[in-house]
Amino acid sequence: MPELLLSLTNLLNFYVRSAHSMANTHTPFFSVVIPITRINSFLLKAIKSVLTQNLEPGEFELILVDNSGGNLCLNEYCSKMNINGNNLQIYRQPVQLAIAQNWNSCISLCNGEYVHILHDDDWILEGFYREIKSLIAQNPTCGLFATRTSFYSEDEVFMGENARFPILEKGSTNANEIYLDNHLMCPGVIIKKSVYDQVGGFDESYQYVMDGDMWARVVRAYGGIVSSKALACYRVHSSSFTSVYNRKAYNLIEKERLYAFRSKSYSDFPYNTARKH
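Remember, predicted model here, so these are calculated numbers, not experimental data. Along each chain, the written sequence defines residue order, and numbers are assigned to residues from 1. With pLDDT at 70 or above as the cut-off, local features in this predicted model cover only qualifying residues; side-chain atom pairs require 80 or more to be listed or tallied, and sums for whole chains, interfaces and linings still use all residues. Working from all heavy atoms in the structure, the side-chain values ignore hydrogens and water.

K.L.:
Lay out the overall build of the protein chain with the relevant residues and their values.
P.N.:
Helices and strands together make up the secondary structure of the protein chain, namely 10 helices and nine strands. Exposed residues in this analysis have more than 50% of their type's maximum accessible area, buried residues have under 20%, and partly exposed residues fall in between, with area computed by a 1.4 Å probe over protein chains only. Relative to its 277 residues, the protein chain shows a buried fraction of 55%. Every residue pair with non-hydrogen atoms within 4.5 Å of one another is taken to be in contact. Sequence separation of at least 24 residues holds for 80% of the intrachain contacts in the protein chain that already meet a minimum separation of 6. A run of H or I in DSSP becomes a helix once it reaches four residues, and a run of E becomes a strand once it reaches two; helices and strands are each numbered from the N terminus.

K.L.:
Could you give an account of the pattern of salt bridges, with specific residues and numbers?
P.N.:
For salt bridges, the criterion is a side-chain nitrogen of Lys or Arg within 4 Å of an Asp or Glu carboxyl oxygen. The final tally for this structure, using the stated rule, is 10 salt bridges. Between Glu156 and Lys45 there is a salt bridge, and its shortest N-O distance comes to 2.8 Å. Of this pair, Glu156 sits in the loop between strand E6 (144-153) and strand E7 (158-161) while Lys45 sits in helix H2 (residues 43-51); the two residues are 111 residues apart in sequence, bridging distant segments of the chain. A residue is classified by how much of its surface remains accessible, and Glu156, at 33% relative accessible area, is partly exposed. By relative accessible area, Lys45 is classed as partly exposed at 33%. Salt-bridge contacts for Glu126 lead to Arg130; the nearest nitrogen and oxygen are separated by 3.6 Å. For Glu126, a relative accessible area of 46% puts it in the partly exposed group.

K.L.:
Quick rundown of helix H4 (residues 99-109)? Include the residues and the values.
P.N.:
Counting buried positions along H4 gives 10 out of 11 residues, so the element sits mostly inside the fold. When we look at burial in H4, the residues that qualify are Ile99, Ala100, Asn102, Trp103, Asn104, Ser105, Cys106, Ile107, Ser108 and Leu109.

K.L.:
Explain the nonpolar core to me, and be specific about the residues and the numbers.
P.N.:
By convention a nonpolar core is built from buried Ala, Val, Leu, Ile, Met, Phe, Trp, Tyr and Cys residues, the set being connected through side-chain atoms within 4.5 Å. Leu144, Ile178, Leu184, Tyr196, Phe202 and Trp215 are the most contacted members of the largest nonpolar core, which totals 43 residues. Of all elements in the fold, only strand E2 (60-66), H4, strand E4 (114-117), E6, strand E8 (189-192), helix H6 (193-199), helix H7 (210-222) and helix H9 (250-265) reach the threshold of two or more residues within this core. Once residues lying within four places of it in the same chain are set aside, the contact partners of Trp215 are Leu144, Ile178, Asn182, Leu184, Cys186, Val189, Ile191, Tyr196 and Phe202. Counting residues in each nonpolar core, the second largest holds 31 residues, with Leu64, Cys78, Tyr114 and Phe145 among its members.

This is the structure:
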């Protein structure tokens, strides 16, 4: 359906925002961006999980994006929590953006070759970026690089891990493993910045399935590879955006839209199976 396609306006806005990073002469390997709508008890763990990775200071940049629509006083928070460094940047959105719009804006702020969007209630384990660099070295032409994810409760009780990806673990342009259920969780996924620029960013007509839509688009166009290791952590709690959306059943509405689009656009999409899913 036409409404499922990125509008020309969204595409133009994405490319205009992408020009923000062109003036920066330093290109870190990783750009890690954490979108923040409120300062919660989980945020410090997310930030520390990045800063304690075995990376050289110039190898990454960490961008904290205030999307509260007000002023979270992130500078004061970082000072209080002793979070500092030349690779730390803080940006405040002038107005609160919808989630997909905010993610696209976050990408436009990044100067690195590879972009990691880490939610403020999730975290990564030691060795995450080292594993991603290994995947990149083995498969430099791919657009998506990821590890598996462990799920934890609000109080960090282990709940399990997502399934393995036998096809994508070998590196592939076959997106069948992520068509029906998006088991590639955001904290475990890194996308090449130039690929984001090429595909035009997240579809801003979505608010729930935009990540799964993006992963499939990137894998089909550029290929993706997923490590068998679970080095990212996803926190399940009642106040998360995903939980709120699920309770309102918006996820089902958007999935139906996405499946209808894929059935018309992708010859290998199993629509009959999707309708029973």
